[in-house]
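Fold and contact review
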Amino acid sequence: MICLLNSIKKIMSRIYNDKVTSVFFIIGLCISILLLSVGISFSYEHLYAGNIKKKNTPPNGQLFVISGQSDKTLNSNEFEILFKGINKNSGIIFNGLMIHPDSAKINSYYPVSAEWFSRDDVWHYPIKAGHYFKVKDIKNKNKVALVGSSLEECIKKVNNKEYIILNKEKYEVVGMIGVKGKMTLWDNRIVLPITVIPDNLTEELALSEDSINLILYNIKGLGNTKHIIEKNGKKIDSDFSIESQGKVKTENMLNELAQNQNPIYALAILGYLVTLIYSINIVIFWIEKRRYEIGVRKAFGYTDKDIAILLFNEIFQLTLIAAFLAIIIQFLAEKTISRISDYTLEIYLPNILLSILIVFITAVIISICPVIKAMKIHPIETIKEGERH
């Protein structure tokens, strides 16, 4: 404890004696470490979103493609025929649908999942507000919807109820999918009962399109569900077929993260490299101002190794201060951002651990040139120069 207090006193004394250089050094590194820390938070959020999706994958889910030869478009009546007799623990999700909400920005399209299930307690997407629609909503063709947080700007409030307009049709928003306080891969998704999808999406469910994608799931296994649907489908189209595309898989989030083109990563690395060059120049200038002090220390027996350790400790301590300030700034920014949006700059353990590692590496890199320069200082000549000044 005493050593820590002495270190704090020494570094504060150093900052006081060379205010301008020290402040510029700390500010530059603080911005750099803040950018890196934000990049780490984005990466961790991305990985977290992938893990959330993996945990919430439909149980025993399998991908299928259904097709036929007729131009018949599947509607609510056909769905009743198609799914008649399948296990009550089963659920169906139609994917591959995209829609432009009426109040969304031009050319903004969002993925739609259209669902069918016959029990309210089957697997569902995670909900962070409101509630999931019910079996009765599917059967009674109630125009209800679930949306992700990215679609909040498309929601209109009327008489204390929230609505989203899809293809000029009004759907009551009964819940929001996702995880509270976290970014997820469902944040830009719309979920609807299959019996009430807008007309422009119904057109995409023509059997002749040969591209109707769906997911079948059942917590106890699919059993003969595929066979039942195929048998029922023949009643709609004699050439009806349903082909398995394999199990539902989640993306490799590390690979996806490596391919992510978010500019925050490039900005963080570029900012760090620029700050390194800037910091090295500042410290070299700092060493020039301390030539006399270093010369006197050498005259009193300090070795090059002692001088190197002294400089490294001072640079490490200043860098540590910059890292501490960066974490504090991110913490305050996260509190502000989380109040006005659903996104977060949350500080995770990797932020702290990597910040400490970055501080150490940065201190070593920044110390190399100044230490080499300090080693070339000859005590007698430097003291004479000091006396002349």
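It should be noted that the structure appears before, not after, this text.
Here is what the cut-offs are and how they apply
- Residues numbered from 1 in each chain as written.
- Predicted model: local features only at pLDDT ≥ 70, side-chain atom pairs only at ≥ 80, totals over all residues.
- Heavy atoms only, no water.
- Helix = DSSP H or I, 4+ residues; strand = E, 2+ residues; numbered from the N terminus.
- Buried < 20%, exposed > 50% of the residue type's maximum accessible area, 1.4 Å probe, protein only.
- Contact = heavy atoms within 4.5 Å.
- Areas by Shrake-Rupley, 256 points an atom, 1.4 Å probe, with all protein chains shown as cover.
- Patch = residues over 30% accessible without salt bridge, like charges linked within 9 Å, V, L, I, M, F, W, Y side chains within 5 Å.
- Salt bridge = Lys/Arg side-chain N within 4 Å of Asp/Glu carboxyl O.
- Phe/Tyr/Trp six-rings, centres within 6.5 Å; stacked < 30°, edge-to-face > 60°.
- Lys NZ or Arg CZ within 6 Å of the ring centre and 35° of its normal.
- Pairing = 2+ DSSP bridges.
- Arc of directions from axis to C-beta.

1. Description of the overall build of the chain
A tally of regular secondary structure across the chain gives twelve helices and eleven strands. By the burial criterion, 46% of the 389 residues in the chain qualify as buried. In the chain, the share of contacts with a sequence separation of at least 24, taken over all contacts with a separation of at least 6, comes to 79%. Summed over its atoms, the accessible surface of the chain is roughly 20,900 Å², and 58% of this surface lies on carbon and sulfur atoms.

2. A closer look at the environment of Q330
Along the chain, the position of Q330 falls in helix 10 (residues 304–340). C-alpha separation for the pair Q330 and L35, spaced 295 residues apart in sequence, amounts to 9.4 Å.

3. A closer look at a nonpolar patch on the surface
A contiguous nonpolar patch, built from L354, L357, F360, I361, V364, I365, I368 and I372 and spanning about 640 Å² of accessible area, is present on the exposed surface. Within the fold, I361 resides in helix 11 (residues 349–375). Under the relative-accessibility criterion, I361 is labelled partly exposed at 38%.

4. Quick look at the packing of aromatic side chains
Scanning all chains against the criterion turns up eleven aromatic pairs. On the basis of an interplanar angle of 10° and a centroid distance of 5.8 Å, the ring pair of F117 and F133 is categorised as stacked. Residue F117 is located in strand 3 (residues 110–117), and its partner F133 is located in the loop between strand 4 (127–130) and helix 4 (135–139); the two are separated by 16 residues in the primary sequence. The burial state of F117 is the same as that of F133; both residues are buried. Taken together, F79, F83, F94 and W116 form an aromatic cluster joined through their ring pairs. Here the basic side chain of K143 rests over the ring of Y171, its NZ or CZ set 6.0 Å away from the ring centre. Lying over the aromatic face of Y302, R297 brings its terminal NZ or CZ to 5.2 Å of the ring centre.

5. A few points about the pairing of strand 6 (residues 155–158)
When strand 6 meets strand 7 (residues 161–166), the two strands line up antiparallel, connected through four bridges. Of the residues in strand 7, the one forming a bridge with K156 is Y163. Taken together, strand 6 and the strand that follows it, strand 7, pair antiparallel across an intervening segment of two residues, in which N159 is found at a positive phi of about 50°.

6. Things to note about the pattern of salt bridges
Tallying each qualifying case throughout the model produces two salt bridges. The residue R119 makes a salt bridge to D121 at a minimum N-O spacing of 2.6 Å. Note on R119: relative accessible area 32%, which makes it partly exposed. Judged by relative accessible area, which is 55%, D121 ranks as exposed. As a salt-bridge pair, E169 and K143 come within 2.5 Å of each other at their nearest N and O atoms. Within this pair, whereas E169 is found in strand 8 (residues 169–177), its partner K143 is found in the loop between helix 4 and strand 5 (144–147), the two being separated by 26 residues in sequence.

7. Considerations on unusual backbone geometry
Even without glycine at this site, N60 takes up a positive phi of about 55°. If you trace the backbone, N60 turns up in the loop between helix 2 (19–55) and strand 1 (62–67). For N60, a relative accessible area of 42% puts it in the partly exposed group.

8. Observations concerning helix 9 (residues 291–299)
When we look at burial in helix 9, the residues that qualify are I294, G295 and K298. Taken down its axis, helix 9 places every buried residue within 100° of arc, on the same side. In the segment just after helix 9, G301 is the residue with positive phi, at about 105°.

9. Notes on the pairing of strand 5
Alternating positions in strand 5 separate into two faces, V144 and L146 on one and A145 and V147 on the other, with burial throughout. Inspection of the sheet shows strand 5 paired to strand 8 by four bridges, in the parallel sense. Paired with V147 across the two strands is M176, which belongs to strand 8. Where strand 5 and strand 9 (residues 190–193) come together, two bridges link them in antiparallel fashion. Following the sheet pairing, L146 is matched in strand 9 by V191.

10. Considerations on the environment of A323
Position of A323 relative to the elements: it lies in helix 10. A323 sits in the buried class, given a relative accessible area of 6%. Between the alpha carbons of A323 and L34 there is a distance of 7.6 Å; along the sequence they are 289 residues apart. The residues contacting A323, other than those within four sequence positions of it, are I33 and V359.

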